[in-house]
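Here's the letter readout for the chains.
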Amino acid sequence: MQQLINIPDTRVFTISAEQVGTINSVENFLATINVGGVIRCFPICNVTAVGNNILGKKTQLKPVRKDMKGECSCCEDPATNELATLLNKTVEINYLTRPGSPLSRLIGTVAKAGEGIVILTDVTNPFGADVSNTAISTCQINFIEIKS
């Protein structure tokens, strides 16, 4: 999210809401976003996905690491590891987002996978007009379907 600071029309999804605006800061595990002149602050642990056209192969991600214990070893790590083997493949990902949202299932090309995150490009059913790239938290993924 730090790489998206000051980029307008960034879409940030949490389990309960969608924020569309400009990310002002990401510090101490909190993100601050300007949504139409209203400043909102929320914990980044609640972010399930972020959409913006600048996301892609050039986006810097932390390398995949292996947890030997804890929640990440049974949830996030397997999804991240699987997606790392699917680079340049088309997948459908179902992930947690606000209830009733049709955007919880996206189809796109796996551009990059890193610690706890996957970036899809050429997304169909994108977050909004002119947004075709999406970063999804791998700990929020319900399933991955391989399309090609």
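Details of the structure are given in the entry above.
Being a predicted model, the structure only gives us computed values, none of them experimental.

J.: An account of the side chain of Thr138 is needed here, citing residue identities and associated values.
T.: In this fold, Thr138 is placed in the loop between strand 9 (134-137) and strand 10 (141-146). Contacts of Thr138, omitting those with residues within four sequence positions, involve Glu76, Ala79, Thr80, Leu83, Gly116, Ile117 and Val118.

J.: Describe helix 2 (residues 76-84), naming the residues involved and giving the relevant values.
T.: Where helix 2 is concerned, the buried positions are Glu76, Asp77, Ala79, Thr80 and Leu83. All buried residues of helix 2 project into a common sector of 165° when viewed along the axis, lining one side.

J.: Outline the pairing of strand 7 (residues 105-114), listing residues and values.
T.: With seven of its 10 residues buried, strand 7 lies for the most part within the structure. Pairing of strand 6 (residues 90-95) with strand 7 involves five bridges; the strand directions are antiparallel. Opposite Asn94, over in strand 7, you have Arg105 as the bridge partner.

Each value, and the rule that gives it
- Residues numbered from 1 in each chain as written.
- Predicted model: local features only at pLDDT ≥ 70, side-chain atom pairs only at ≥ 80, totals over all residues.
- Heavy atoms only, no water.
- Helix = DSSP H or I, 4+ residues; strand = E, 2+ residues; numbered from the N terminus.
- Contact = heavy atoms within 4.5 Å.
- Buried < 20%, exposed > 50% of the residue type's maximum accessible area, 1.4 Å probe, protein only.
- Arc of directions from axis to C-beta.
- Pairing = 2+ DSSP bridges.

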